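A look at the structure
One-letter residues, chain by chain:
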Amino acid sequence: MKRGVMTLPRLNVHRHDRGTRALITLSGEIDLESAPLARTSLEGCLRDGIRTIDVDLASVTFCDCSGLNAFLHAARQTTVAGGTFQLHHPPTTLTRIIDLAGCGFLLLGLPLDHPPPPLDGPPAAPHRSVPLARVPSVDAP
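These notes cover the structure that comes with them. This structure is a prediction, so every number in the text was calculated from the model and none was measured.

**What to know about the overall build of the chain**
Scanning the chain for helices and strands turns up four helices and four strands. Scanning the chain from its N terminus toward the C terminus, one meets helices and strands in the order β-β-α-β-α-β-α-α. Put simply, the chain has 141 residues, and 39% of those count as buried. Here the analysis covers contacts within the chain between residues at least 6 apart in sequence; of these, 66% occur between residues at least 24 apart. Put simply, the chain shows about 8300 Å² of open surface, and 58% of that area lies on carbon and sulfur atoms.

**Structural notes on the nonpolar core**
Ranked by internal contacts, the top residues of the largest apolar core, which has 27 residues, are Leu 26, Val 55, Phe 71, Phe 85, Leu 87 and Leu 107. Of all the elements in the fold, those that place two or more residues in this core are strand S2 (21–30), helix H1 (35–47), strand S3 (52–63), helix H2 (65–80), strand S4 (84–88) and helix H3 (92–101). If we skip the residues at most four places from it in the chain, Leu 87 touches Val 55, Leu 57, Phe 71, Leu 94, Ile 98, Leu 107 and Leu 108.

**Brief notes about the sheet that holds S3**
Spatially, S1-S2-S3-S4 is the arrangement adopted by the four strands of the open sheet, whose pairing is mixed. One side of each edge strand has no neighbouring strand; the edge strands of this open sheet are strand S1 (11–18) and S4. Each adjacent strand pair in this sheet contributes to an overall mean axis angle of 15 degrees, direction not counted. As paired elements, S1 and S2 share eight bridges and run antiparallel to each other. Counted as the bridge partner of Arg 15 is Ile 24 from S2.

**Quick look at the environment of Ile 53**
Note on placement: Ile 53 falls in strand S3. The class for Ile 53 is buried, based on a relative accessible area of 1%. Excluding residues that lie within four positions of it along the chain, Ile 53 makes contacts with Ala 22, Ile 24, Leu 42, Cys 45, Leu 46, Thr 78, Thr 84, Phe 85 and Gln 86.

**Describing the pairing of S4**
The two faces of the sheet receive side chains in turn, since in a regular strand these alternate between them. Two elements, S3 and S4, share five bridges in a ladder whose sense is parallel. Considered in S4, the bridge of Thr 52 is made with Thr 84. Viewed along the sheet, the connection from S3 through H2 into S4 turns out right-handed.

**Focus: H3**
Among all positions of H3, only Leu 94, Thr 95, Arg 96, Ile 98 and Asp 99 are buried. Residues of H3 that are buried make contact with S3, H2, S4 and helix H4 (104–107). Count one or two residues on from H3 and you reach Gly 102, which has phi positive near 70 degrees.

**Looking at the packing of H2 against H3**
The N-to-C vectors of H2 and H3 enclose an angle of 65 degrees; their axes lie 10 Å apart at closest approach. Between H2 and H3 lies a crossing of right-handed hand. Taking contact as the criterion, the partners of Cys 65, Leu 68 and Phe 71 in H2 are, on H3, Leu 94, Ile 97, Ile 98 and Ala 101. Taken together, the residues of the contact of H2 with H3 sort by class into seven nonpolar, no polar and no charged.

**Quick word on the environment of Cys 103**
Within the secondary structure, Cys 103 sits in the loop between H3 and H4. With relative accessibility at 5%, the residue Cys 103 sits in the buried group. Separated by 31 residues in the primary sequence, Cys 103 and Leu 72 have C-alpha atoms spaced 8.5 Å apart. Once residues lying within four places of it in the same chain are set aside, the contact partners of Cys 103 are Leu 68, Leu 72 and Ile 98.

Definitions and cut-offs
The numbering scheme is per chain: residues are counted from 1 as the chain's sequence reads. It should be noted that, the model being predicted, local features are given only for residues of pLDDT at least 70 and side-chain atom pairs only at 80 or more, the latter also being counted only at that level, while totals for whole chains, interfaces and linings use all residues. Heavy atoms from the whole structure form the basis of all side-chain values; hydrogens and water molecules are not counted. Numbering of helices and strands runs from the N terminus, with a helix taken as a DSSP run of H or I at least four residues long and a strand as a DSSP run of E at least two residues long. The cut-offs for exposure are 20% and 50% of the maximum accessible area for each residue type, with area from a 1.4 Å probe on protein chains only; residues under the lower value are buried, those over the upper are exposed, and the others partly exposed. By the convention used here, residues are in contact when the closest approach between their heavy atoms is within 4.5 Å. To measure how exposed things are, a 1.4 Å probe is used in the Shrake-Rupley method; for residues, cover is taken only from the protein chains shown. Think of a nonpolar core as a cluster: buried Ala, Val, Leu, Ile, Met, Phe, Trp, Tyr and Cys residues, connected wherever their side-chain atoms sit within 4.5 Å. Any two strands are treated as partners once DSSP identifies two or more bridges connecting them. Angular values range over 0 to 180 degrees, each being the angle between N-to-C directions of two axes fitted as lines to C-alpha atoms, with helices fitted over their stretch in contact. Here, the term right-handed applies to a crossover whose path from the first strand over the helix to the second runs clockwise when the strands point away from the viewer. Helix crossings fall into two classes, left-handed where the near helix is turned counterclockwise from the far one by less than a right angle and right-handed where it is turned clockwise. Side-chain classes follow a simple rule in which Ala, Val, Leu, Ile, Met, Phe, Trp, Tyr, Cys and Pro form the nonpolar group, Asp, Glu, Lys and Arg form the charged group, and the remainder, Gly included, forms the polar group.

Put into structure tokens, the structure is as follows:
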């Protein structure tokens, strides 16, 4: 182990608030090491009175089940607080995990009866059954 070397998280978090709505833009990798940063950032929104949380994942290059757990926790906490939580533009790896877990209705706004892909089939393509929602701009009036 080298002295004086600190490993930085491979995840960048940017938050833009507008009233009780926030756009969280994540970029990088979400894994066991970086998922706590995502979770803490999302919890901070609720502590600050934010009740609508949109998470833009367009710049996320990898997300495993640690990230899924952070997003499910945030969705649950937001719902308990009377708000809404939605992921936008998830990477293919996360889309596949969400499909397998059957929780697209919680995180992506998919219909409750959206069928998961067969386990022996190819990885899921990005969802096209529901149009991708435009991530709201915090600069718009």
